[in-house]
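Commentary on secondary and tertiary structure
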Amino acid sequence: MGHIYLSKELQKDIEKSFQNCTGCKACMTNCPMLKVFCSSPKELLGKLSQNNEVEIIMPYSCAMCGWCSKVCPENINFKELFYDMRKEIIKGNKRLRPSGYNVIKYHQKSSFSKMFTTYSRSMKKGSTKQGKRVFLPGCSLSSYSPKLVEKTYQNLKQNFKNTDIILKCCGKPTYDMGDTDGFKKYFNSLEEDLRAMGADEVVVACENCFITLNKNLTNIKVKSLWNIIAEVGVPQELKGIYKGIDEIFYIHDPCSIREEEGIHNSIRNILAQLGIKSKEFKFSESNTVCCGFGGMISVTNNHVALEQMNKRSKEAKGEYIVSYCQSCVEAMNIGGGRSIHILDLLFNDEVIKNKNFVQINQNSLTKWKNRYELKKIINKMK
């Protein structure tokens, strides 16, 4: 894949990190990639500092999960160092692109194309009616089940009449690759649509969307779907519906919202309302770890991604796993676990009726068909 020479600014950051690193290896405990490239972080930083160059594969093996900065006593942040490397790679020689770059490029072009984007228009911009909400389900959930998205949206509308829905990506895959200019273009496209819809608040089901919108959206509130469902309560007919089952579910919290205690609490509240028996992973909530899909490493270094998927899923010790990120659910299943999305427990008739608690992972073509099907469903609402 090749090497790139590091800028002087990056060299200074790496040298500073090398001097501060104590070599305690706390960052390696749950890091998907460090053990692949070194025996200690001090050793790795020393080599980077001495050589002033890096293999392109290295920064694109980082899951961008932030575990390193979470546990480092010296506040060394490999995530930021590796992300700065990604940005330099993207802005440098176009022939030195990481493996999987074209996959992400195609995904993003399609995700923002007319074929796979749309939104409902129950209200127009400039309306005097207040409290306009827009539901953004996110790419992964839309790719998994149009029906599940539709039922979730219907539930939102029952509780909040003034709610619309948009099918579009937040642009985070482009951002993760290090293409900050491309991300701005894509995110601006989403923001323009939200403003055209007259949105006062965006309700998101995807944790990556939640973080991305909170960082980049101004004058429009961003709220987690899970906080809303917990506050309003699950549908009356579903309260305690799973009390009679023996299955126990480990709760996997996505690493992107590691610090969002309110969302963690809401998920556990919802599961309790449903009557689900749950367990906590050894590393959960504010100490949760990556599922293996973080930082786009499933397309840039699939070996590292698969290792983490296997590791995390095995921590459930054969029990069921429930998550509220569709990518995490898929990762746990790839890793050999038995995983399901919390919305399946709420609105999937097959799950409610037959108590079948494992998703079947879908191929790429099916996922794009599902997104197109969701577009047709939304267009009928206009």
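Our subject is the structure listed above.
Residues numbered from 1 in each chain as written. Predicted model: local features only at pLDDT ≥ 70, side-chain atom pairs only at ≥ 80, totals over all residues. Heavy atoms only, no water.

What follows is about the overall build of the chain. When you go through the chain residue by residue, the secondary structure sums to 19 helices and eleven strands. For 382 residues, the compact-globule estimate of 2.2 N^0.38 gives 21 Å, and the C-alpha radius of gyration of the chain, at 21 Å, lies within 12% of that figure. Summarising its shape, the C-alpha atoms of the chain cover approximately 60 × 50 × 35 Å along the three principal directions. Taken over 382 residues, the chain has a buried fraction of 56%. Element-wise, carbon and sulfur atoms account for 48% of the exposed surface of the chain, whose accessible area totals about 17200 Å². The centroid of the 57 positive side-chain charges in the chain is displaced by 5 Å from the centroid of its 39 negative side-chain charges. (Helix = DSSP H or I, 4+ residues; strand = E, 2+ residues; numbered from the N terminus. Rg over C-alpha atoms; globule rule 2.2 N^0.38 Å. Buried < 20%, exposed > 50% of the residue type's maximum accessible area, 1.4 Å probe, protein only. Areas by Shrake-Rupley, 256 points an atom, 1.4 Å probe, with all protein chains shown as cover. Lys, Arg positive; Asp, Glu negative; His and termini not counted. Charge placed at Lys NZ, Arg CZ, Asp CG, Glu CD.)

A separate point is the sheet that holds strand β7 (residues 221-224). The five strands lie next to each other as β3-β5-β4-β6-β7, forming an open sheet whose pairing is mixed. If you trace the sheet from one side to the other, it starts and ends with β3 (118-119) and β7, each paired once. Judged from the two bridges that link them, β3 and strand β5 (residues 163-167) form a sheet pairing that is antiparallel. Opposite T118, over in β5, you have L167 as the bridge partner. The sheet contacts of helix α19 (residues 364-379) involve β3 and β5, and relative to β5 the element is tilted by about 150 degrees. (Pairing = 2+ DSSP bridges. Contact = heavy atoms within 4.5 Å. Axes fitted to C-alpha atoms, helices over the stretch in contact; angles between N-to-C directions.)

A few words on the packing of aromatic side chains. Considering all chains together, one arrives at 14 aromatic pairs under this definition. Look at Y250 and F281: their rings are 5.1 Å apart centre to centre, the planes differ by 50 degrees, and that puts the pair in the tilted class. A residue pair is termed long-range when its members are at least 10 positions apart, and Y250 in strand β8 (residues 248-252) and F281 in the loop between β9 (277-280) and α14 (297-300) qualify at 31 residues. The class of Y250 is buried, set by a relative accessible area of 7%. (Phe/Tyr/Trp six-rings, centres within 6.5 Å; stacked < 30°, edge-to-face > 60°.)

Mapping F112 onto the fold places it in the loop between α6 (101-111) and β3. Judged by relative accessible area, which is 14%, F112 ranks as buried. C-alpha separation for the pair F112 and Q362, spaced 250 residues apart in sequence, amounts to 21 Å. If sequence neighbours within four positions are ignored, F112 has contacts with T117, K168, C169, C170, G171, Y186 and S189.

Okay, the nonpolar core next. Nonpolar side chains in soluble globular proteins tend to end up buried together. Counting 64 residues, the largest nonpolar core has L213 and W226 as its most contacted members. Those residues within four positions of L213 in sequence are excluded, and the remaining contacts are L136, C170, F187, L190, V202, V204 and V222. Judged by nonpolar contacts, the second largest core, of 57 residues, contains Y60, M64, C65 and I321. (Core = buried A, V, L, I, M, F, W, Y, C linked by side-chain atoms within 4.5 Å.)

Two numbers describe how helix α3 (residues 41-51) lies on helix α5 (residues 78-91): the axes approach to 13 Å, and their chain directions differ by 30 degrees. Taken together, the axis directions place α3 and α5 in an arrangement best described as roughly parallel. Helix-helix and strand crossings are classified by hand; for α3 and α5 the assignment is left-handed. Here α3 contributes P41, L44, L45 and L48 to the contact with α5, which in turn contributes F78, L81, F82 and M85. (Parallel < 35°, antiparallel > 145°, perpendicular 65-115°, else oblique. Left-handed = near helix turned anticlockwise from the far one by under 90°.)

Attention now moves to the state of the cysteines. One pass over the structure, following the stated rule, counts zero disulfides. Not engaged in a disulfide, the cysteine C27 finds its nearest cysteine sulfur in C24; these two sulfurs lie 6.4 Å apart. Left without a disulfide partner, C139 is nearest to the cysteine sulfur of C169, which lies 3.4 Å away. Classification of C139 as buried rests on a relative accessible area of 15%. (Disulfide = S-S within 2.5 Å.)

Listing the buried residues of α6 in full gives Y101, I104, Q108, S110 and S111. In this structure, the buried residues of α6 make contact with α5, α7 (139-144), α9 (172-176), α10 (180-196), α14 and α19.

Moving on, we get to the sheet that holds strand β11 (residues 338-341). Strands sit in the order β9-β8-β10-β11 across an open sheet of four strands; the sheet is parallel. Edge positions in the open sheet fall to β9 and β11, since each of these has one partner strand only. Strand after strand, the sheet turns through a mean of 40 degrees between neighbouring axes, direction not considered. Pairing analysis gives four bridges linking β8 to β9, with the strands arranged parallel.

Positive charge collects at one region of the surface, where K94, K105, K109 and K185 lie side by side. Its location among the elements puts K94 in the loop between α5 and α6. (Patch = residues over 30% accessible without salt bridge, like charges linked within 9 Å, V, L, I, M, F, W, Y side chains within 5 Å. Salt bridge = Lys/Arg side-chain N within 4 Å of Asp/Glu carboxyl O.)

As a packed pair, helix α15 (residues 302-314) and helix α16 (residues 326-334) sit with axes 7 Å apart at the nearest point and diverge in direction by 85 degrees. In this view, α15 runs roughly perpendicular relative to α16, as classed from their interaxial angle. For the pair α15 and α16, the contacting residues are L306, M309, N310, R312 and S313 in the first and A331, M332 and I334 in the second. Classifying every residue of the contact of α15 with α16 by side-chain character gives five nonpolar, two polar and one charged. (Nonpolar A, V, L, I, M, F, W, Y, C, P; charged D, E, K, R; others polar.)

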